[in-house]
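Letter by letter, the chains look like this.
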Amino acid sequence: MKNVRLLGYIFILPAVIAMILVHIIPMAWGILISFKDLTIRTIRNWQEAPWCGIDNYIKAFNPVSTVGQRFMRSLRNIVFYGFFTISIGFFIALGVALLLNKPFIGRTFVRGVILIPYITPDSVAYNFWRFIFQSRIGILNEMLLRIGIIQEPIMWLVGRNTIWAVIIASIWKGWPLTSLMLLAGLQTIPVELYEAARIDGANAWQCFRYITLSYLKPVIKTIMIMNILWNFHAYNQFVVLFGENVGIHAEVPNTLIMREAFDNYNYGQESALSVILMLLMLTITVVYLYVFRQRAEE
Amino acid sequence: MSKRTPIQNFFFYLIIVIVLLFVLGPYAWMISSSFKTAVEIQGMRPTWIPQTFTLNNYVEMNTTVPIVKYFTNSIIISTGTMLAALIIGTLAAYGISRFKFWGRELYVIVLMATQMLPGILFVIPYFMLFKWITDTFGLPMTNTFHGLIFTYTSFALPFSILMLRNYLDSVPKDIDEQALIDGCNRFQALYRVIIPLAKPGLAAMGIYAFIMAWNEILFAKILTSTKTRTIALGLLQYISQHQARWGQMMAACVFATIPVIVAFTAFQKQIVAGLVSGATKG
């Protein structure tokens, strides 16, 4: 028995070593330097950099300092972006999953095709969206002009509309995976339930509300929490669509932190912001694990 | 299932068509633009079908940006990541799936939690860690293939392990025991019996790691320069402050999509099953 236990450790050992090297040590290091005044001048010999206590953290939450202002703005932006991307994406995904759950000619084909956005590499997808959004030579404005929805071209990639441009592109990229998971959930619902409900006089809405949604509830929970967490990782879409300088209307934590590190060379501040972001995400993760536990017990 | 009336049927298919147009429209625009001349893209009103059909973009895309080299770099890095993740991940997933040991639950929770850590937190420590390794052991890390493969493997591992664990849990344990009785040791049992049975799960995991490495931008930006630059970064170089070569960029985008589409078409079933089980079982 003891041998067997030891074998278990041997099997996970390589993965554990890799994770210690890549996750644990860098994380500890990151937390450490967030308490230092580490800049381009002190990076050569980082141990010598002066400690500055929780100054970096205070700055991040100080609404008067530049960093604090930017950080709050980036958090507001990411929440705004996440809210619309996740909710609109979810409704599209649910609608399509319900359609795909019905038998029709070409269903397998359609199911394969809708996965295309998901498997398209981020860099490719956001690059062609960037082209689509071009105000003069892009196809989106051209189509909107032809239909007559707008009278003059919209500037999608500059100013106020930037956040909507990135929301649209992200919805296109993100909904298929959600749809696929919902579809997998739908397929576990026994058909007999609907038949029984119909005999009892339930209408379509009641069937949907009391059978479909209650069966999907655990899947929806998981999807929502995963999406909310992934949302804070968002970086690729912003940097590909807008380049290095995303502008104030689409500044999100990740782009801000990258700028703080590689334009302003303020590594200590950068680390403090990352740590705050991490704590925020860990809080959500705890909720996620709690919900997951509950599900496992159900 | 109730039968649909013809009118319902019409709307049903109408919605399906709208969905397909929404999904495929941007793709059609990419492909059609890759065959347009620069003059048409810059000078005329945009159309869905090229007015003059040209292959120039495909011919010239490699002279503007060494995209074929970046493509090769990405192939090396993504394949390396895939293989490393497969080997280390299979061992770990098998360990969690088959053995009860102290700390197993904790390990699974750590795996779940690490998926949620923001990559951005690691950027500067990584930079410093790589520099430290180079200074101490004389092993170059930044701007090397192995440095990036090492990074991506570790980032791909947590989700890969959890995904494969789910799959291995569905393979009966009696099979291992039978192999042990027949004289295999644990590693042989894994290698000869379990791995052949777990092929679909392994395919899903491998593709996941490959696509992850093919997509990554943040770390590629910091840890590579011209020698090891990946295609994800290369695509951005077609647009500079002086000139926007949209046609060539779209051609390069088509080029960059090929491996992923090929891999996906070959393993569609496994990927879908793997994704769904990884996602719905946590």
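Criteria and cut-off values
Residues numbered from 1 in each chain as written. Chains lettered and ligands numbered in written order. Predicted model: local features only at pLDDT ≥ 70, side-chain atom pairs only at ≥ 80, totals over all residues. Helix = DSSP H or I, 4+ residues; strand = E, 2+ residues; numbered from the N terminus. Rg over C-alpha atoms; globule rule 2.2 N^0.38 Å. Buried ≥ 20, exposed ≤ 12 C-beta atoms within 10 Å, placed from the backbone. Contact = placed C-beta atoms within 7 Å. Core = buried A, V, L, I, M, F, W, Y, C linked by C-beta atoms within 7 Å. Nonpolar A, V, L, I, M, F, W, Y, C, P; charged D, E, K, R; others polar. Axes fitted to C-alpha atoms, helices over the stretch in contact; angles between N-to-C directions. Parallel < 35°, antiparallel > 145°, perpendicular 65-115°, else oblique. pLDDT = per-residue confidence, 0-100. Expected span 1.5 Å × (residues − 1). Left-handed = near helix turned anticlockwise from the far one by under 90°.

Asks: Looking at this structure, I do not really get the overall build of chain B. What am I missing?
Replies: Summing up its helical and strand segments, chain B has 13 helices and zero strands in all. The secondary structure elements of chain B, listed N-terminal to C-terminal, are α-α-α-α-α-α-α-α-α-α-α-α-α. Since a compact globule built from 282 residues should have a radius of gyration of about 19 Å, the 24 Å found for chain B marks it as more spread out than a globular shape. Evaluated residue by residue, chain B yields a buried proportion of 43% over its 282 residues. Long-range contacts, defined here as pairs at least 24 residues apart, represent 75% of the contacts in chain B between residues at least 6 apart.

Asks: How should I be thinking about the overall build of chain A in this particular structure?
Replies: From N to C terminus, chain A includes 13 helices and zero strands. At 24 Å, chain A has a C-alpha radius of gyration far larger than the 19 Å of a compact globule built from 298 residues. Taking the principal axes of its C-alpha atoms as reference, chain A extends roughly 75 × 75 × 35 Å. A total of 298 residues make up chain A; the buried ones form 40% of that total. Counting contacts in chain A only where the partners sit at least 6 residues apart, residues at least 24 apart contribute 66% of the total.

Asks: I would appreciate a short explanation of the environment of B:Tyr167 in the present structure.
Replies: With respect to the helices, strands and loops of the structure, B:Tyr167 is situated in helix α7 (residues 145-169). For the pair formed by B:Tyr167 and B:Gln51, sequence separation is 116 residues and the distance between their alpha carbons is 51 Å.

Asks: Just checking my understanding: could you explain the nonpolar core for this structure?
Replies: Taken as a class, soluble globular proteins show a tendency for nonpolar side chains to be buried jointly. Grouped together as the largest cluster of nonpolar side chains are 151 residues, with contacts concentrated most on A:Phe128, A:Leu241, B:Leu235 and B:Cys253. Those residues within four positions of A:Leu241 in sequence are excluded, and the remaining contacts are A:Tyr126, A:Trp129, A:Arg130, A:Leu157, A:Ala165, A:Val166 and A:Ala169.

Asks: Can you walk me through the interface of chain B and chain A in this structure?
Replies: How big an interface is tends to be expressed through the accessible area that disappears when the partners come together. Counting from both sides, the interface comprises 72 residues of chain B and, opposite them, 76 residues of chain A. Contributing elements (two or more residues each) for the side of chain B that touches chain A: α1 (6-34), α2 (38-43), α4 (67-98), α5 (104-115), α6 (123-137), α7, α10 (199-215) and α13 (246-280) of chain B. Among the residues forming the side of chain B that touches chain A, the class breakdown is 56 nonpolar, 14 polar and two charged.

Asks: Help me out: how do you make sense of the packing of helix α6 (residues 122-132) of chain A against α1(B) in this one?
Replies: Axes are the key here: two packed helices are described by the angle between their axes and the distance separating the axes. With their axes 10 Å apart at the nearest point, α6(A) and α1(B) run at an angle of 80° to one another. Judged on the interaxial angle alone, α1(B) and α6(A) are roughly perpendicular. From α6(A), A:Phe128, A:Trp129, A:Phe131 and A:Ile132 reach across to α1(B), where they touch B:Pro26, B:Trp29, B:Met30 and B:Ser33. Its residues placed into classes, the contact of α6(A) with α1(B) shows seven nonpolar, one polar and no charged.

Asks: Just to check I follow, could you spell out the confidence of the model for chain B for this structure?
Replies: Predicted coordinates in areas of low pLDDT are best not read in detail. Residues and elements named next belong to chain B. Across chain B, pLDDT averages 84, with 96% of residues at or above 70. Per-element confidence in chain B is highest for α4, whose mean pLDDT is 92, and lowest for α13, whose mean pLDDT is 78. Scoring of the predicted complex yields 0.86 for pTM and 0.85 for ipTM.

Asks: Sorry if this is basic, but what is going on with the environment of A:Tyr194 here?
Replies: Residue and element names in this part refer to chain A. Note that Tyr194 resides in helix α9 (residues 191-199). Judged by the 18 C-beta atoms lying within 10 Å of it, Tyr194 falls in the partly exposed class. Through-space distance from the C-alpha of Tyr194 to that of Phe208 is 9.2 Å; in sequence the pair is 14 residues apart. Discounting chain neighbours no more than four positions away, the residues touching Tyr194 are Cys207 and Ile211.

Asks: Explain α6(B) to me, please; I cannot follow it from the model alone.
Replies: Structurally, the α-helix is built with 3.6 residues per turn, so residues lying three or four positions apart point the same way. Relative to the 21 Å expected for 15 residues at 1.5 Å per residue, α6(B) spans 21 Å between its end C-alpha atoms, a close match to the ideal helical length. B:Val123, B:Ile124, B:Pro125, B:Tyr126, B:Phe127 and B:Phe130 are the residues of α6(B) that are buried.

Asks: Which parts of the structure should I look at to understand the packing of helix α3 (residues 66-100) of chain A against helix α8 (residues 162-186) of chain A?
Replies: Residue and element names in this part refer to chain A. Taken N-terminus to C-terminus, the directions of α3 and α8 make an angle of 40°; their axes are 6 Å apart at the nearest point. When the axes of α3 and α8 are compared, the pair comes out oblique. For the pair α3 and α8, the crossing hand works out as right-handed. Grouping the amino acids of the contact of α3 with α8 by side-chain chemistry returns 19 nonpolar, seven polar and no charged.

Asks: Can you walk me through α9(A) in this structure?
Replies: Here α9(A) lies mainly on the outside; zero of its nine residues are buried. Positive backbone phi, approximately 90°, marks A:Gly201, located one or two places after α9(A).

Asks: I tried to follow the environment of B:Ala256 on my own but got confused; where do I start?
Replies: Structurally, B:Ala256 can be placed in helix α13. Spatially, the C-alpha atoms of B:Ala256 and B:Ala232 are 8.2 Å apart, while their sequence positions differ by 24 residues. Setting aside residues up to four positions removed in sequence, B:Ala256 forms contacts with A:Pro121, A:Val124, B:Ile231 and B:Leu235.

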